[in-house]
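Each chain, letter by letter, is given below.
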Amino acid sequence: MKQRLSMLDKQVKPSTPASSPKPRGKITDDVWSSMNLDSQMSAKAVGLRKATAKMMDDCYDQLEKHVDETSFPHWIVDKFRPLGINGLTIKDFGSPAINTLETGSIIYELAKRDGSIATFFLVHNSIGMAVVDTLGDEEQRKRILTPAMNFDRILSFGLTEPTNGSDASNLKTTATKVEGGYLINGAKRWIGNATLGDVCCWARNPSDGNRVQCFVVEKGSKGYEPKKMEGKWSLRMTQNADITFKDCFVPDRNKLTHAKDFGTGTNAILETSRLVVAWMACGLATGAYENALRYTLKRIQFGKPIAKMQLIQERLSRMLSNCEFSLALLVSLSKRMDEGIATIG
């Protein structure tokens, strides 16, 4: 901490004379680069991370209107397509097939700039396409993931209900077997992307021991009624929805084959997706630090940048320490996940 305070102090002081043996400290204005994390990724993944960061920087100012209006910037999909990042860890259908650390770097760069856009991408990939990739059979994977990979089909994850959030194993929504498929009845809440496309709905199947299983409900299905949640203070571009299912018919082919029950289905997705959400939180925190740093170096009070004031330096140093710790932890967890030795708790 003292070393970082000294570095901040040197950054805002006049240059030291050429004869001085003491070099000026270098302030940490890019946490990722300062930790040399690109050295732990493939050249391909480094290029994807940098392209993602540039895309977000280039279009950042255009997002302000949508934040004010709480509307989704549909044009952002056309910005994502040429990047080649959609699909993340999926091994086929045009996905980049990157590892968990490299996936985290993409989410990190998105979240550093905007949490709503990061949420849209994370939901579509890590709890949308990932569900189909992990729990669907080959026919389902090809039929659903092929258009989803090009954003022609947007996916969401319908788990949380009005009365069940963290107690996700006690769902009330049901999927009753009928000829040719299932009738979904119940409600979901806070479902991101639900107004934009299909939802992977988790529901109890009374004909199979009341087990929690997954059913892909397609956009426009009769009895599927997503309604945008209004009045949010945060993630204002994220299209969260309340969903009502009233005898919503889902054909047999849209019941994911390998989603047998809560433990082997839902939990399998949550174990990996929670790590990706942690990467998002780290990106948000680092974005806050780096923006605060830039501001304090430019803001002049009493004839000097406020970054020269020790109270500000202490706060910035604490923020930086937390960001570095979070990144180090996530890098370690991501490697453990790929090695198959990470656990959910």
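Above this text is the structure in question.
Treat the numbers as computed from the prediction; the structure is a model and nothing was measured. (Residues numbered from 1 in each chain as written. Predicted model: local features only at pLDDT ≥ 70, side-chain atom pairs only at ≥ 80, totals over all residues. Heavy atoms only, no water.)

Caption draft 1: Inspection of helix H10 (residues 310–339) at higher detail. For H10, spanning 30 residues, the distance from its first C-alpha to its last is 43 Å, which sits close to the expected 44 Å at 1.5 Å a residue. Where H10 is concerned, the buried positions are Gln313, Leu316, Ser317, Leu320, Cys323, Glu324, Leu327, Leu330, Val331, Ser334 and Met337. Phi turns positive, to about 75°, at Gly340, one or two residues after H10. (Helix = DSSP H or I, 4+ residues; strand = E, 2+ residues; numbered from the N terminus. Expected span 1.5 Å × (residues − 1). Buried < 20%, exposed > 50% of the residue type's maximum accessible area, 1.4 Å probe, protein only.)

Caption draft 2: Geometry of the packing of helix H6 (residues 100–113) against H10. Close contact between H6 and H10 brings their axes to 8 Å; oriented N to C, the two are set at 140°. The orientation of H6 with respect to H10, classified from their angle, is oblique. Residue-level contacts link Thr100, Leu101 and Tyr108 of H6 to Leu327, Val331, Ser334, Lys335, Met337 and Asp338 of H10. Tallied by class, residues from the contact of H6 with H10 come to five nonpolar, two polar and two charged. (Axes fitted to C-alpha atoms, helices over the stretch in contact; angles between N-to-C directions. Parallel < 35°, antiparallel > 145°, perpendicular 65-115°, else oblique. Contact = heavy atoms within 4.5 Å. Nonpolar A, V, L, I, M, F, W, Y, C, P; charged D, E, K, R; others polar.)

Caption draft 3: Spatial organisation of unusual backbone geometry. You will see that Leu88, though not glycine, has its phi angle at about 50°, which is positive. Structurally, Leu88 is set in the loop between helix H5 (76–80) and H6. Judged by its relative accessible area of 4%, Leu88 is buried. A positive phi is found at Asn193, a non-glycine position, where the angle reads about 75°. With respect to the helices and strands, Asn193 occurs in the loop between strand S3 (181–192) and strand S4 (198–205). Owing to a relative accessible area of 2%, Asn193 belongs among the buried residues under this scheme.

Caption draft 4: Focus on the nonpolar core. Grouped together as the largest cluster of nonpolar side chains are 50 residues, with contacts concentrated most on Phe80, Phe121 and Trp279. Elements with a minimum of two residues in this core: helix H2 (31–34), helix H3 (43–59), H5, H6, helix H7 (115–135), helix H9 (262–298) and H10. In this view, Trp279 contacts Trp32, Thr100, Leu101, Gly104, Ser105, Ile107, Tyr108, Leu327, Leu330, Val331 and Ser334; residues no more than four positions away in its chain are not counted. Core analysis: the next-biggest nonpolar cluster, separate from the first, contains 26 residues, Val132, Ile144, Met149 and Leu270 among them. (Core = buried A, V, L, I, M, F, W, Y, C linked by side-chain atoms within 4.5 Å.)

Functional significance is not addressed by these values, which are geometric in nature.
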